[in-house]
Amino acid sequence: MGFSDRERGKGPIYGFCVVFGALFAVVVAIAAKHFHTSMVPVDPIIWTPLPLPTFEGPTAPNNKLAATKKLYVGELPGPEAFAIDKQGRLYTGLADGRVVRSMSRFDPDGTVPFETLVSMGSHPHTVCTNISIEPECGRPLGLAFDLQGNLLVCDSYAGLVRLNLSPSGDYLSKEVLISEVEGLPLRFANAIVVSPTGRVFFTDSSTKYHRRHWIYDAMESRALGRLIEADLETRTAKVLARGLHFANGLTLSPDGTYLLISETTRSRIMKYSLSGPTAGSLTVFVENLPGIPDNIVLSHKSGLVWVGFAIKRTRPFSVFDFLADKPWIRLAIARLLPVVKYPFLDLLGRNMGSPRS
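Everything in this summary refers to the structure shown in the same document. (Residues numbered from 1 in each chain as written. Predicted model: local features only at pLDDT ≥ 70, side-chain atom pairs only at ≥ 80, totals over all residues. Heavy atoms only, no water.)

### Concerning the sheet that holds strand β1 (residues 82–84)
Two pairing modes exist for strands in a sheet, parallel and antiparallel, and in both the strands are linked by backbone hydrogen bonds.
Here's step 1: Read across the sheet, 4 strands follow the order β1-β2-β3-β4 without closing on themselves; strand pairing throughout is antiparallel. In the strand order of this sheet, the two ends are held by β1 and β4 (114–119), each with one partner. Averaged over all neighbouring strand pairs, the angle between strand axes comes to 25 degrees, with direction disregarded.
Here's step 2: Both β1 and strand β2 (residues 90–93) contribute to a ladder of 3 bridges, which runs antiparallel. Along β2, the bridge assignment pairs Phe-82 with Thr-92. (Pairing = 2+ DSSP bridges. Helix = DSSP H or I, 4+ residues; strand = E, 2+ residues; numbered from the N terminus. Axes fitted to C-alpha atoms, helices over the stretch in contact; angles between N-to-C directions.)

Below you can see the structure in the form of structure tokens.
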């Protein structure tokens, strides 16, 4: 099927984006000469993205979320993943290192207050406002309950952590279950799921970079992520799949036969088979998504896969795709970026959508 000039993006917006991209490249190149001595451990590769998708058909822009109500604005900084206990209380991990929960059954009207269950790090959460001390504060990401009702937390720095709870849900203690897998430390424990039979799966987004240096992983664009299965009794774990590009969100199929994993820096979702003749295989579930996928949930009621996009990725222009075959620019960006700041994501957000909190 042929595309019209507009579909090819040949319009004023396209021209602006080309000029912007060219100027951006020149500025970065010139600046890089002045900062050539800045040493960073980034080794970018060339990769080839698929042609940019368009928002059309089922993905056409709409206003279905226009009436969305924002809850707890200014109260819960950076909530990442969620879990609900048998009492209907909602749990989430925050950017200041806390795991919090609603004080009673969660109500979407936003009137139920939250309480702190525990701070994951050694610093009080009140001082955890700068990403430079995030390793000391902890960063709880994925959450899931085990079969005994304890809360499993993927702390991006500590690894897989268990919060031991009483039958009524009172916090008892915290213990790190797994901090390394097959000789490699967990540098970026991210998402987690627990199967109805008690199997525990989680992602390690990068074997090279910690969460606060995630932009380095994005600039390098190598397959450094892992899918891992943990044995809680022996406190050991094994790698199920290597070579994932920023292994991020994770969800389990309703029948428990496969997992879906977001590959953030490749704009696709992978499928890992757990049983049957294809057990142990990793295949593409869907690719060339119109955004950079983050968390993912498969609804057991509808069978729909809900994907949260961190950033839009669509025609006529995507900075993310523009830089794919320009590793020298990505290296220059990495050299220019302070390791604890997020200016490049801000740049992406201004040009393609809003970055996540």
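### Some words on the pairing of strand β19 (residues 291–298)
Here's step 1: Summarising burial for β19: 6 of the 8 residues are buried, a large majority.
Here's step 2: Pairing geometry for β19 and strand β20 (residues 305–312), over 6 bridges, is antiparallel. Along β20, the bridge assignment pairs Pro-293 with Phe-309.
Here's step 3: Connecting β19 to the next strand, β20, in antiparallel fashion are 6 residues, including Gly-303 with a positive phi near 80 degrees. (Buried < 20%, exposed > 50% of the residue type's maximum accessible area, 1.4 Å probe, protein only.)

### Examining the state of the cysteines
Each disulfide consists of a covalent bond between the sulfur atoms of two cysteine residues.
Here's step 1: Applying the stated rule across the entire model yields 1 disulfide.
Here's step 2: Paired by a disulfide, Cys-128 and Cys-137 hold their sulfur atoms 2.0 Å apart. The sign of the -90 degrees torsion about the S-S bond sets the Cys-128-Cys-137 disulfide as left-handed.
Here's step 3: Since its relative accessible area comes to 2%, Cys-137 is described here as buried. (Disulfide = S-S within 2.5 Å.)

### Some words on the sheet that holds strand β16 (residues 258–263)
Here's step 1: As summarised here, the arrangement of the 4 strands in space is β15-β16-β17-β18, forming an open sheet in which the pairing is antiparallel. Edge positions in the sheet fall to β15 (247–252) and β18 (282–286), since each of these pairs with one other strand and no more. Across the sheet, the mean angle separating the axes of adjacent strands is 30 degrees when strand polarity is ignored.

### Overview of the nonpolar core
Here's step 1: One finds Val-42, Trp-214, Ile-215, Tyr-216 and Ile-333 to be the most contacted residues of the largest nonpolar core, which totals 19 residues.
Here's step 2: Taken together, the elements giving at least two residues each to this core come down to α3 (214–220) and α5 (327–336).
Here's step 3: Residues Leu-152, Ala-189, Ala-230 and Val-239 belong to the second largest nonpolar core, which totals 18 residues. (Core = buried A, V, L, I, M, F, W, Y, C linked by side-chain atoms within 4.5 Å.)

### Notes on the pairing of strand β13 (residues 225–231)
Working note: regular strand, side chains alternate between the two faces of the sheet.
Here's step 1: Burial analysis of β13 places 6 of its 7 residues in the buried class, which makes it a mostly covered element.
Here's step 2: Where strand β12 (residues 200–204) and β13 come together, 5 bridges link them in antiparallel fashion. Bridge pairing in β13 places Phe-201 opposite Glu-229.
Here's step 3: The pairing of β13 with strand β14 (residues 236–244) spans 6 bridges and is antiparallel. The residue bridging Leu-227 from the neighbouring strand is Ala-241, located in β14.
Here's step 4: Counted along the chain from β13 to the antiparallel partner β14, the turn is 4 residues long, and its residue Arg-235 has a positive phi close to 55 degrees.

### A closer look at the packing of aromatic side chains
Here's step 1: Following the criterion strictly, the structure yields 7 aromatic pairs and no others.
Here's step 2: A ring pair is formed by Tyr-91 and Phe-145, whose centres lie 5.2 Å apart and whose planes are at 85 degrees; its orientation type is edge-to-face. Taken together, the residues span a long stretch of sequence, with Tyr-91 in strand β2 and Phe-145 in strand β5 (residues 140–145) at a distance of 54 residues. Pair check on accessibility: Tyr-91 and Phe-145 agree, each one buried.
Here's step 3: Aromatic ring contacts, followed pair by pair, group Tyr-72, Phe-106 and Phe-114 into a single cluster.
Here's step 4: Sitting above the plane of the Trp-47 ring, Arg-266 keeps its charged end 4.0 Å from the centroid.
Here's step 5: Between Lys-271 and the ring centre of Tyr-258, over which it is positioned, the NZ or CZ distance is 4.6 Å. (Phe/Tyr/Trp six-rings, centres within 6.5 Å; stacked < 30°, edge-to-face > 60°. Lys NZ or Arg CZ within 6 Å of the ring centre and 35° of its normal.)

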